[in-house]
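# Notes for the structure review
The lines below spell out each chain.
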Amino acid sequence: MEKELVTELEALATKIRINSIEAIRKVGAGHIGGSLSIADLLAVLYGKQMVYDPKNPQWEKRDRLVLSKGHAGPAWYSALSAVGFFPEEWLWTLNDGGTKLPSHPDRIKTPGVDATTGSLGQGTSLAAGIATGLRMQGSKSYVYLIVGDGELNEGQCWEAFQYLAHNKLNRCIVFIDENKKQLDGLTQDILNPFDIAEKMRAFGFSTQKVKGNDLVAIDQAIENCKKVTDQAVCIVLDTIKGQGVKFFEEMDANHSVKFANEAVQEATDEALAELRKGRA
């Protein structure tokens, strides 16, 4: 990847982080940790890999994205606004009454959203169904499925994965955000996931594991997936909850953050200033 494009993707990832934090803070609380851990992935997808047209969100030749971990909706909305699906001002209405940006994605309300998600596990089946339909139509479009590691506690994920693998639906690229935390604590303490990459291989997937903050590695992993024709494909992203913002990375309870006290507000101001400084 050319250095200039890497710089552009870094700027996009930073913008996604800044706007995700600002939108959630305006609400007063929200899913910061899991939003920030997929910011780099979203930057690669919307900055390079995905085929889409912001002026025609229903374009039949578009790629589809299914955010099964729907609580990370603020990051997705930030990416969509950054590439022109809707005005940035919409972000400041997150979760308000009558908003077009509910806390979890809704395909009826938000331009660029192809699947309503948030009930964990269900997005995996939706993506499998979309990929099946596209194959039946002879479409060459891709489906990008983003799943959380805590979400893998849901048996529905593994049913969908088995279906994807059995049918060799190689145009549905599965991303597992392994940020190692979920609502109640560490994934290894709540329900040990063991080696996720090895489990996916056992399920029949061609599987890679890369650092989730390495834009070049993520892009190359996607390119590798697109060369696979006889297997389902998966990329496990080794991430940190709150990735890219030290204050949120180090916060114990960073699945959903409340901005109810002055210390959190001040630390957030400092974090945002650092992000903006880095982008400049």
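The text that follows walks through the structure, step by step, so that each part is easy to find. Note that this is a predicted model, so its numbers are computed, not measured.

### Structural notes on the sheet that holds strand 8 (residues 232-238)
- Spatially, five strands are ordered 2-3-4-8-7 in an open sheet, and the strand pairing comes out parallel. Edge positions in the open sheet fall to strand 2 (64-67) and strand 7 (205-211), since each of these has one partner strand only. When strand polarity is set aside, the average angle formed by the axes of neighbouring strands in this sheet is 20°.
- When strand 3 (residues 143-148) meets strand 4 (residues 172-178), the two strands line up parallel, connected through six bridges. Across the sheet, the residue bridging to Val143 is Cys172, located in strand 4.
- Of the strands in this sheet, strand 2, strand 3 and strand 4 are in contact with helix 5 (residues 122-136), which crosses strand 3 at around 170°.

### Considerations on the layout of surface pockets
- Here the largest pocket is characterised by a volume of approximately 220 Å³.
- If you trace the largest pocket, you find 16 residues lining it, with Leu120, Gly150, Gln182, Leu183 and His255 closest to the centre.

### Concerning the environment of Ser139
- Inspection of the secondary structure puts Ser139 in the loop between helix 5 and strand 3.
- Among the polar contacts listed, one links the side chain of Ser139 to the backbone nitrogen of Ser141, at a separation of 3.0 Å.

### Here's the deal with the side chain of Thr207
- As for its placement among the helices and strands, Thr207 is situated in strand 7.
- Judged by relative accessible area, Thr207 falls into the buried class, the value being 10%.
- Thr207 has contacts with Ala197, Met200, Arg201, Cys234 and Val236, leaving out every residue within four places of it along the chain.

### Considerations on the packing of helix 1 (residues 3-27) against helix 4 (residues 73-82)
- Interaxial distance between helix 1 and helix 4 falls to 8 Å at its minimum, and their mutual angle equals 125°. Viewed along their axes, helix 1 and helix 4 adopt a mutual orientation that is oblique. Considering the relative orientation of helix 1 and helix 4, their crossing is right-handed. Contacts between helix 1 and helix 4 involve Leu12, Lys15, Ile16, Asn19, Ser20 and Ile24 from the former and Pro74, Ala75, Ser78, Ala79 and Ala82 from the latter.
- Considering only residue class, the contact of helix 1 with helix 4 consists of seven nonpolar, three polar and one charged.

### Considering the environment of Ile130
- Here Ile130 lies in helix 5.
- The exposure class of Ile130 is partly exposed, given its relative accessible area of 23%.

Criteria and thresholds
- Residues numbered from 1 in each chain as written.
- Predicted model: local features only at pLDDT ≥ 70, side-chain atom pairs only at ≥ 80, totals over all residues.
- Heavy atoms only, no water.
- Pairing = 2+ DSSP bridges.
- Helix = DSSP H or I, 4+ residues; strand = E, 2+ residues; numbered from the N terminus.
- Axes fitted to C-alpha atoms, helices over the stretch in contact; angles between N-to-C directions.
- Contact = heavy atoms within 4.5 Å.
- 1 Å grid on protein atoms, 1.4 Å probe; cavity = no way out; pocket = protein on both sides within 12 Å on 5 of 7 lines; lining within 4 Å.
- Points joined across faces, edges and corners; volume = space filled by probe spheres on them.
- Polar contact = N/O pair within 3.5 Å; in protein donor to acceptor, adjacent residues only side chain to side chain.
- Buried < 20%, exposed > 50% of the residue type's maximum accessible area, 1.4 Å probe, protein only.
- Parallel < 35°, antiparallel > 145°, perpendicular 65-115°, else oblique.
- Left-handed = near helix turned anticlockwise from the far one by under 90°.
- Nonpolar A, V, L, I, M, F, W, Y, C, P; charged D, E, K, R; others polar.

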